[in-house]
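Here is how the chains run, residue by residue.
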Amino acid sequence: MIMSIARRTFLKATFAASSTVALGALPIAAMADWPKAAFEAKTVSDALKVLYSSLDVTNSPDIKLEAPDVAENGAVVPVTVSTQLADVETITIIAEKNAVPLIGQFKLTKNSVAYVSTRIKMAETSHVVAVVKAGGKLYSTKKSVTVTAGGCGG
Amino acid sequence: MPDNSTIRIKAKKKSDFIEVKALITHPMENGLRKDQETGNLAPAHFIEEIECQLNGQVVMTAVWGGGISKNPYLAFQIKGGKVGDVVALKWTDNQGKTDEVTASVK
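Residues numbered from 1 in each chain as written. Chains lettered and ligands numbered in written order. Predicted model: local features only at pLDDT ≥ 70, side-chain atom pairs only at ≥ 80, totals over all residues. Heavy atoms only, no water.

(A) Layout of a positive patch on the surface. Residue and element names in this part refer to chain B. A surface patch of positive charge is lined by Arg-8, Lys-10, Lys-12 and Lys-21. No other element matches strand 1 (residues 7–13), which puts 3 residues into the positive patch. Position of Lys-10 relative to the elements: it lies in strand 1. On the accessibility criterion, Lys-10 (65% relative accessible area) is exposed. (Patch = residues over 30% accessible without salt bridge, like charges linked within 9 Å, V, L, I, M, F, W, Y side chains within 5 Å. Areas by Shrake-Rupley, 256 points an atom, 1.4 Å probe, with all protein chains shown as cover. Salt bridge = Lys/Arg side-chain N within 4 Å of Asp/Glu carboxyl O. Lys, Arg positive; Asp, Glu negative; His and termini not counted. Charge placed at Lys NZ, Arg CZ, Asp CG, Glu CD. Helix = DSSP H or I, 4+ residues; strand = E, 2+ residues; numbered from the N terminus. Buried < 20%, exposed > 50% of the residue type's maximum accessible area, 1.4 Å probe, protein only.)

(B) Local environment of the packing of aromatic side chains. In total, this model carries 3 aromatic pairs over all chains according to the counting rule given. Consider the rings of Trp34(A) and Phe39(A), whose centres lie 4.7 Å apart with planes at 5 degrees: the pair is stacked. Here Trp34(A) and Phe39(A) have matching classes, each one buried. For the ring pair Phe106(A) and Trp64(B), a centre distance of 6.4 Å and an interplane angle of 70 degrees mean the geometry is edge-to-face. (Phe/Tyr/Trp six-rings, centres within 6.5 Å; stacked < 30°, edge-to-face > 60°.)

(C) Structural context of helix 3 (residues 44–52) of chain A. All names here are of chain A. Those residues of helix 3 that fall on the buried side of the exposure criterion are Val-44, Ala-47, Leu-48, Leu-51 and Tyr-52. Each buried residue of helix 3 lies within a common arc of 100 degrees when the element is viewed along its axis, so the set occupies one face. The first or second residue beyond helix 3 is Ser-53, which carries a positive phi of 50 degrees. (Arc of directions from axis to C-beta.)

(D) Representation of the interface of chain A and chain B within the structure. Each partner contributes to the interface: chain A provides 31 residues, whereas chain B provides 30 residues. Carbon and sulfur atoms make up 54% of the area that chain A and chain B hide from each other, which totals about 2600 Å². Together, Trp34(A), Arg119(A) and Lys121(A) form the three largest contributors to the area buried by chain A at its contact with chain B, with a combined 24%. Our count for the contact surface shared by chain A and chain B stands at 0 salt bridges. Applying the counting rule to chain A against chain B returns 17 residue pairs in polar contact (both at pLDDT 80 or more). Mapped by element, the contributors of at least two residues to the side of chain A that touches chain B are strand 6 (102–108) and strand 7 (112–120) of chain A. Residue contributions to the side of chain A that touches chain B peak at 8 residues, all from strand 7 of chain A. Of the residues in the side of chain A that touches chain B, the class split is 17 nonpolar, 9 polar and 5 charged. Pairing geometry for strand 7 of chain A and strand 5 (residues 73–79) of chain B, over 4 bridges, is antiparallel. Looking across to strand 5 of chain B, one finds that Val116(A) is bridged to Phe76(B). (Contact = heavy atoms within 4.5 Å. Buried area = accessible area lost by both parts, 1.4 Å probe. Polar contact = N/O pair within 3.5 Å; in protein donor to acceptor, adjacent residues only side chain to side chain. Nonpolar A, V, L, I, M, F, W, Y, C, P; charged D, E, K, R; others polar. Pairing = 2+ DSSP bridges.)

(E) Molecular detail of the pattern of salt bridges. Residues and elements named next belong to chain A. One pass over the full model with this rule turns up 10 salt bridges over all chains. Put simply, Asp-33 and Lys-107 hold a salt bridge, and the shortest N to O gap is 3.7 Å. You can see Asp-33 sitting in the loop between helix 1 (2–31) and helix 2 (36–40) and its partner Lys-107 sitting in strand 6, a full 74 residues away along the chain. Judged by relative accessible area, which is 49%, Asp-33 ranks as partly exposed. Using a relative accessible area of 24% as the deciding quantity, one classes Lys-107 as partly exposed. Between Lys-36 and Glu-40 there is a salt bridge, and its shortest N-O distance comes to 2.7 Å. Residue Lys-36 and its partner Glu-40 are located together in helix 2, separated by 4 residues, close to a single helical turn. For Glu-40, a relative accessible area of 45% gives the class partly exposed.

(F) Region of interest: the sheet that holds strand 5 of chain B. Ordered in space as 2(A)-4(A)-7(A)-5(B)-2(B)-1(B), the 6 strands form an open sheet in which the pairing is antiparallel. The outermost strands of the open sheet, each flanked by one partner alone, are strand 2 (63–66) of chain A together with strand 1 of chain B. Strand-to-strand, the axes of this sheet are offset by a mean angle of 10 degrees, without reference to chain direction. (Axes fitted to C-alpha atoms, helices over the stretch in contact; angles between N-to-C directions.)

What follows is the structure in structure tokens.
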């Protein structure tokens, strides 16, 4: 009984808080093009739907995804994505089992080489997925990374 | 580059591209991590947007979440370019803070 009351109060408080946040964030969200919904997505496919309005992704051997087989520290996992595919528009990096799977999206121009390298957080052992949009089509590749100590509840 | 900048950047001319490497000082809190002392969640504080320009023209932008590691490392490459070109890098975080730096290509 006590539990359920607490839960109700909690839910009410959560709804109140979320609507306040939504209203407060509106002007900022309208100015910037940070894809909030994609970073709130809990699954890889939900994130891709928001980012690309499509789930038509082809596995491609032409994407090179470099990441360690074993990451001793999940807080700092080096990831490098490069590709020989032509007309690359974006490179997206995803850690499949993170609470927030989407790590980031890099938007390239005709003056960029299709190459990005960064360090990501991984909560647990999972696939790292690289999605490349090239010539209007989506391609991806993935690599399994074993995490021996998770990073930052990410 | 001023010592108080949050960005350390190097831009080097390679065969047919410029290699840019940057290290940014930023907590990159994803809002899901518990503070060890208080047990409360550390508030989200992470870089949301990155913009890179070559001689004033945008060549790469990125949107990030809290899944990028603390004190982010970023390397990318720009086609063509020459020694003396100016590379600029700017970040904006979810709290509206921002910083930018320029470097000449060596």
